[in-house]
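Letter by letter, the chains look like this.
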Amino acid sequence: MTTVALKDVTKVFADGTIAVDNVNLDVNDGEFMVLLGPSGCGKSTVLRMIAGLEDPTSGAVLLDGELANDIPPRDRRVAMVFQDFALYPHMSVGDNIAFPLRLSGVDPESRTERVADVASALGIGDVLSRRPNQLSGGQRQRVAMGRAIVRRPGLFLMDEPLSNLDSGLRAELRAEISGLVRELGVSTVYVTHDQAEALTMADRVAIMRRGVLQDVGTPTEVYGRPATLYVAAFLGSPRMNLLEASVYVHLDRYVALNLGEQALYLPWSDIRARAVSHYHGERIVVGMRAEALTPVAPDAPGDVLRGRIRFLEHHGHESLAFLDIGATAIMVDDLGGQPADPVNGSTGRLRRLGSVMQRLTGRSTETGEGVEAGGRPGSARESVLSDPGRHHRRPAELAVRLAPYPAVSSGHPLSVAVRMDALHFFDERGDRIDVGWR
Ligand code: ATP
């Protein structure tokens, strides 16, 4: 099956929009690669360049190791499935699936056989004689998939194929699609803005922001060791807590991470302490996911942060407490609207109201919120710490997981133990600080 390589690929549209900025990416034989990022980050443009529907402004697209920039789309052995797939309304399901075979002159007997095989693999064998308007949304999407598969392409390109479906059907179909393409062994590039889709379906995920590739790795790698602050903030629900810390090295004891009113201490036995110690006297970002925080008794010893609950969110299977610990949070732009977003979501508006109330009652807040950083694609690389005028900070609300409907409420004190080995560190440009980091 087909391999894909993008070498220094850039796309600048006629109006000057830099949609894709110097992207390098390899898709291996039979691999399921997911391109993930918020709306407008350039993922569809990458897909369209692989398909040959858009020309790169510079750089090379290689298919099976051969330069493909000048190969017309029909000769690339790729099949595309879009969000707005169009079925021919006047044709039966069977004829819709068979259509590409008819175009390429496959004889009727083989056509019928191949359509039956594909339809049965997709679980639509019993609706072959129906018209598209007699199908459910999920069945129609399966027909579109069938039409792509039946050509036996070397490469599938899928652009948000599930986004028009309801969430139950999406979950069902994502398992089906990833199972099916793996069975067929066809290399696949799948575009989505939905991290759940990316993390559940992909062999590897490539995360983009403003045209720039931020990180590529298996779901475990990008979630467990995000390469940039942006990826750390983008992946996960609730979002990773990102706190500003100033670093102070105590040679004989530990590396202190001063978070404002409290501090954490990274022992020298932690192999990352040496990497962090290079930032002595500087500010870095410390990331902690909710799963790194466990509620403990107020007098518990060890690595503990103490604060007051600003508010609670109840999600049925768990509750989230948002804790004021007297620290400063670093806010990241371009995260899109997915998981409960303290800045942009509806809870965000309530929280903004909370901040206004706090201001009125005297507690200082350092910045405004949700202000665009602006700048060219790739401004992930701009300093997130050293320019307070960019309004990237606000008082931290540490997200902590609690049992459902806990016996605490807003204003209650809460202490949480911090798993120091689960912390993430980022420098002022937003790049990961780690041992043996790429
Ligand atoms: P979405 O998920 O919303 O489809 P995306 O990540 O796929 O977004 P693209 O469609 O690749 O993003 O667009 C990347 C950027 O290029 C956007 O800023 C978009 O407005 C711009 N863009 C796309 N097509 C054109 C075009 N033909 N001319 C000018 N700008 C374009």
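Sequence order sets the numbering: in each chain, residues are counted from 1 along the sequence as written. At least 70 in pLDDT is required for a residue's local features to be given in this predicted model, at least 80 for side-chain atom pairs to be given and counted, and no such filter applies to totals for whole chains, interfaces and linings, which use all residues. Hydrogens and water are ignored here; the side-chain numbers use all heavy atoms of the structure.

We now examine the sheet that holds strand E8 (residues 187-192). Strand pairing is defined by DSSP finding a minimum of two bridges between the two strands. By definition, any uninterrupted DSSP run of H or I lasting at least four residues is a helix, any uninterrupted run of E lasting at least two residues is a strand, and each is numbered from the N terminus. Across the sheet, six strands lie side by side as E6-E7-E8-E3-E9-E10; this open sheet has mixed pairing. Looking at strand neighbours, the two that pair on one side only are strand E6 (78-82) and strand E10 (212-217), the edges of this open sheet. With direction set aside, neighbouring strand axes in the sheet form an average angle of 15°. The pairing of strand E9 (residues 204-209) with E10 spans five bridges and is antiparallel. Within the sheet, the bridge partner assigned to Val205 lies in E10 and is Gly217. Where helix H1 (residues 43-51) meets the sheet, its contacts fall on strand E3 (32-36), E6, strand E7 (155-159), E8 and E9, and the angle it forms with E7 comes to roughly 150°. Here, two residues are considered to be in contact whenever any of their heavy atoms come within 4.5 Å of each other. Comment: axis = line fitted to C-alpha atoms, over the contacting stretch for helices; angle = value between 0 and 180 degrees taken between N-to-C directions. Relative to the sheet, helix H4 (residues 137-149) contacts E6 and E7, its axis offset from that of E6 by approximately 170°.

So, on to the site of the ligand. Proximity criterion: a residue is near a molecule or strand once any of its heavy atoms comes within 4 Å of it. Surveying the vicinity of the ligand reveals 13 residues, the closest of which are Ser39, Gly40, Lys43, Ser44 and Thr45. Taking Cys41, its main chain carries an N or O atom lying 3.0 Å from an oxygen atom of the ligand. Contacts described as polar in this section are N or O atom pairs within 3.5 Å, which, within protein, must combine one atom able to donate a hydrogen with one able to accept it, while residues neighboring in sequence count only if both atoms come from side chains. The contact in question runs from an oxygen atom of the ligand to an N or O atom on the backbone of Gly42, over 3.0 Å. Per-residue and other accessible areas follow the Shrake-Rupley method at a 1.4 Å probe size, with only the shown protein chains counted as cover for residues. Calculation on the ligand without its partners gives an accessible area of 630 Å², and the protein chains cover 60% of this total. For the shell around the ligand, the element with the highest residue contribution is H1, accounting for three residues. Taken together, the residues of the shell around the ligand sort by class into four nonpolar, six polar and three charged. Charged residues are taken to be Asp, Glu, Lys and Arg, nonpolar residues to be Ala, Val, Leu, Ile, Met, Phe, Trp, Tyr, Cys and Pro, and polar residues to be all remaining types, Gly included.

In this section: the environment of Val4. Considering the arrangement of structural elements, one finds Val4 in strand E1 (residues 4-12). Partly exposed describes any residue whose relative accessible area lies between the buried limit of under 20% and the exposed limit of over 50%, with all areas from a 1.4 Å probe on protein chains only and scaled to the type maximum. Taking relative accessible area as the criterion, Val4 reaches 3% and is therefore assigned buried. Contacts of Val4, omitting those with residues within four sequence positions, involve Leu25, Asp26, Val27, Ile50, Leu62, Leu63 and Leu155.

Below, the discussion takes up the nonpolar core. Nonpolar side chains tend toward joint burial in soluble globular proteins. Note on terminology: a nonpolar core comprises buried Ala, Val, Leu, Ile, Met, Phe, Trp, Tyr and Cys residues joined through side-chain atoms within 4.5 Å. Within the largest apolar cluster, 55 residues are counted, with the highest numbers of intra-cluster contacts made by Met145, Phe156, Met158, Ile207 and Leu242. When residues in this core are grouped by element, the largest group, six residues, is from helix H8 (residues 229-234). Dropping the residues within four chain positions of it, Met158 is found in contact with Leu47, Val81, Met145, Ile177, Val181, Thr188, Val189, Tyr190 and Val191. Judged by nonpolar contacts, the second largest core, of 36 residues, contains Ala245, Val276, Ile309 and Leu414.

Attention now goes to the sheet that holds strand E21 (residues 413-418). Read across the sheet, five strands follow the order E15-E21-E16-E17-E20 without closing on themselves; strand pairing throughout is antiparallel. The strands lining the two open edges of the sheet, one partner per strand, are strand E15 (293-296) and strand E20 (398-402). Strand-to-strand, the axes of this sheet are offset by a mean angle of 50°, without reference to chain direction. Pairing of strand E16 (residues 304-314) with strand E17 (residues 319-324) involves six bridges; the strand directions are antiparallel. Note that in E17 the partner of Phe311 across the bridge is Phe322.

Let us look at the layout of surface pockets. Think of a 1 Å grid over just the protein atoms. A cavity is a set of points where a 1.4 Å probe fits yet cannot get out, a pocket is an open set with protein on both sides within 12 Å along at least five of seven lines, and lining residues have an atom within 4 Å of a point. Grid points are joined across faces, edges and corners, and a volume is the space filled by probe spheres set on the points. Each pocket or cavity is described by its volume, and for the largest pocket that value is around 700 Å³. In terms of lining residues, the largest pocket is bounded by 26 residues, among which Val78, Ala79, Met80, Pro100 and Arg151 are the most central. Of all elements in the fold, only E6, helix H2 (93-103) and H4 reach the threshold of two or more residues within the lining of the largest pocket. With five residues, the top contributor of residues to the lining of the largest pocket is E6.

Quick look at the packing of H2 against H4 now. With their axes 7 Å apart at the nearest point, H2 and H4 run at an angle of 30° to one another. As far as their axial angle goes, H4 and H2 are roughly parallel. Crossing geometry of H2 relative to H4 is assigned as right-handed. Residues Val93, Asn96, Ile97 and Pro100 of H2 form the contact with H4, whose participating residues are Val143, Gly146 and Arg147. Grouping the amino acids of the contact of H2 with H4 by side-chain chemistry returns four nonpolar, two polar and one charged. What sets the label is the angle itself: under 35 degrees gives roughly parallel, over 145 gives roughly antiparallel, 65 to 115 gives roughly perpendicular, and the rest give oblique. Should the near helix be turned anticlockwise from the far one by less than a right angle, the crossing is termed left-handed; should it be turned clockwise, right-handed.

With that out of the way, let us pick up a negative patch on the surface. On the surface, a cluster of negative charge is made up of Asp107, Glu109, Glu113 and Asp117. Note that Glu113 resides in helix H3 (residues 108-121). Looking at Glu113, the relative accessible area reads 52%, which means it is exposed. Residues with no salt bridge and a relative accessible area higher than 30% make up the patches, which join like charges within 9 Å and nonpolar side chains (Val, Leu, Ile, Met, Phe, Trp, Tyr) within 5 Å. Any carboxyl oxygen of Asp or Glu within 4 Å of a side-chain nitrogen of Lys or Arg constitutes a salt bridge here. Positive charges come from Lys and Arg alone, negative charges from Asp and Glu alone, with His and the N- and C-terminal ends not counted. By convention, charge coordinates are those of NZ in Lys, CZ in Arg, CG in Asp, or CD in Glu.

Our next topic: the packing of aromatic side chains. In summary, the pairing rule links any two rings of Phe, Tyr or Trp, Trp by its six-membered ring, whose centres are within 6.5 Å, and it sorts them by plane angle into stacked for under 30 degrees, edge-to-face for over 60 and tilted for everything else. Under the criterion given, the structure shown has five aromatic pairs. Summarising the aromatic geometry, the rings of Tyr88 and Phe99 are spaced 4.8 Å apart at their centres and angled 55° between planes, so their arrangement reads as tilted. You can see Tyr88 sitting in the loop between E6 and H2 and its partner Phe99 sitting in helix H2, a full 11 residues away along the chain. With relative accessibility at 18%, the residue Phe99 sits in the buried group. Residue placement shows Arg289 over the ring face of Tyr223; its charged tip is 3.8 Å from the ring centre. Geometrically, a lysine NZ or arginine CZ counts as sitting over a ring once it is within 6 Å of the ring centre and also within 35 degrees of the ring normal.

This part takes up the packing of H4 against helix H5 (residues 167-184). Packed helices, taken two at a time, are described by their axes: the angle between them and the distance between them. Between H4 and H5, the shortest axis-to-axis distance is 11 Å and the interhelical angle comes to 15°. The orientation of H4 with respect to H5, classified from their angle, is roughly parallel. The hand of the H4/H5 crossing is right-handed. In this structure, H4 contributes Gly137, Gly138, Gln141, Arg142, Met145 and Ile149 to the contact, and H5 contributes Leu169, Glu172, Leu173, Glu176, Ile177, Leu180 and Leu184. Classifying every residue of the contact of H4 with H5 by side-chain character gives seven nonpolar, three polar and three charged.

Before going further, it helps to spend a moment on the pairing of E10. Most of E10 is tucked away: five of the six residues are buried. Where E9 folds back on E10, the antiparallel hairpin that results is connected by two residues, among which Arg210 adopts a positive phi of roughly 50°.

Keep in mind these numbers describe shape, not what the thing actually does.
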